[in-house]
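As a plain string of letters, each chain reads:
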Amino acid sequence: MQMNPVKLLQFKTAWDEFQRSHTKFTKFIKTIGQGALSEGSILEIKATTAEGKSMDTNLKVTAQDMELIRQIREMLSENEK
């Protein structure tokens, strides 16, 4: 898969701003990405709209999910070099 360097730079800029704006969330993502998540874990996500409507879902982490996380971690560590 070929990545467009311009789009990658735009994404990085947006991600950096997201991290500055949402420090608790990004710390949470880093924590689960550093081994707190394993096959069989359950992720629950809840969103509440500005009008107060709530939506939630969950997923059970599979071996395929863990492989995708490994690949993302590897890709991100390569880009930091």
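Residues numbered from 1 in each chain as written. Predicted model: local features only at pLDDT ≥ 70, side-chain atom pairs only at ≥ 80, totals over all residues. Heavy atoms only, no water.

Novice: Quick question: what am I supposed to make of a nonpolar patch on the surface here?
Specialist: Together, Met 3, Leu 8, Phe 11, Leu 68, Ile 72, Met 75 and Leu 76 make up an exposed nonpolar region whose accessible area comes to about 600 Å². Put simply, the parts of the chain that give the nonpolar patch at least two residues each are α1 (5-21) and α3 (63-79). Sorting elements by how many residues they give to the nonpolar patch places α3 first, with four residues. Among the secondary structure elements, Phe 11 is positioned in helix α1. (Patch = residues over 30% accessible without salt bridge, like charges linked within 9 Å, V, L, I, M, F, W, Y side chains within 5 Å. Areas by Shrake-Rupley, 256 points an atom, 1.4 Å probe, with all protein chains shown as cover. Salt bridge = Lys/Arg side-chain N within 4 Å of Asp/Glu carboxyl O. Helix = DSSP H or I, 4+ residues; strand = E, 2+ residues; numbered from the N terminus.)

Novice: Is there a simple way to explain the pattern of salt bridges in this structure?
Specialist: Any two side chains of opposite charge can pair if their charged atoms end up close together. Counting across every chain of the model gives four salt bridges. Where Arg 20 meets Glu 17, a salt bridge forms, and the shortest distance between an N and an O atom there is 3.1 Å. With Arg 20 and Glu 17 both in helix α1 and three residues apart, this pair spans about one turn of that helix. Look at Arg 20 and you get exposed, because its relative accessible area is 57%. (Buried < 20%, exposed > 50% of the residue type's maximum accessible area, 1.4 Å probe, protein only.)

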